[in-house]
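Spelled out from the first residue to the last, the chains are:
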Amino acid sequence: MAYAIIKTGGRQYRVAEGDTIDVDLLEGVLMHADGEKITHGSPSVSGATVTGEVVEQRKDKKVVAFKYRRRKGYHRTVGHRRKLTRVKITGIKLGSKSKKGSEKEAPAAE
């Protein structure tokens, strides 16, 4: 089963075809693996693409931060809800120019 590691919004996700993930925005493919063949980039694999379809736009759970100073009469509640995009991964393609991490050839000895 082929999978890829993508970086989005400062986080890294391991995705395969048919997976559904929540992301902020998409940036690039960091690694691709298909069985025993592993391709990695520095920092990303050139020409590799992960395609997906947008399922829905939604908000995440509410995050509440409570600020408090003891004995000062100060307290404040702040919070937010992240806006997320739910994406279903439909395909992973490796470009023609790629760096093979596991298939490095040693120079021929003469």
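What this report covers is the structure whose coordinates are included nearby. (Residues numbered from 1 in each chain as written. Predicted model: local features only at pLDDT ≥ 70, side-chain atom pairs only at ≥ 80, totals over all residues. Heavy atoms only, no water.)

## Observations regarding the side chain of Thr85
Applicable threshold: By the criteria applied, helices consist of DSSP H or I runs no shorter than four residues and strands consist of E runs no shorter than two, each listed in order from the N terminus. It only takes one pair of heavy atoms within 4.5 Å for two residues to be counted as in contact.
Structurally, Thr85 is set in strand 9 (residues 83–93). Those residues within four positions of Thr85 in sequence are excluded, and the remaining contacts are Ile21, Asp22, Val23, Val54, Glu56 and Gln57.

## Remarks on unusual backbone geometry
In plain terms, the rule: Only protein chains enter the accessibility calculation, which uses a 1.4 Å probe. A residue is then buried if its area is under 20% of the maximum for its type, exposed if over 50%, and partly exposed in between.
Backbone geometry at Arg71 places phi at a positive 65 degrees, although glycine is not the residue there. Mapped onto the secondary structure, Arg71 falls in the loop between strand 7 (63–69) and strand 8 (74–80). A residue is classified by how much of its surface remains accessible, and Arg71, at 67% relative accessible area, is exposed.

## Observations concerning the pattern of salt bridges
The test is simple: Any Lys or Arg side-chain nitrogen located within 4 Å of an Asp or Glu carboxyl oxygen qualifies as a salt bridge.
With the rule as written, the count across this model stands at four salt bridges. For Arg86, the salt bridge goes to Glu56, with nearest N and O atoms at 3.2 Å. With a gap of 30 residues between them, Arg86 in strand 9 and Glu56 in strand 6 (residues 49–59) connect regions that are remote in the sequence. Accessibility expressed as a relative area gives 25% for Arg86, which makes it partly exposed. A salt bridge links Asp60 to Arg82; the shortest N-O distance between them is 3.7 Å. Note that Asp60 is positioned in the loop between strand 6 and strand 7 and Arg82 in the loop between strand 8 and strand 9, a separation of 22 residues in sequence. Judged by relative accessible area, Asp60 falls into the partly exposed class, the value being 22%. A cluster of three or more residues bridged by salt bridges with shared partners is formed by Asp22, Glu56, Arg58 and Arg86.

It is worth stressing that arrangement in space is one thing and function is another; only the former is reported here.
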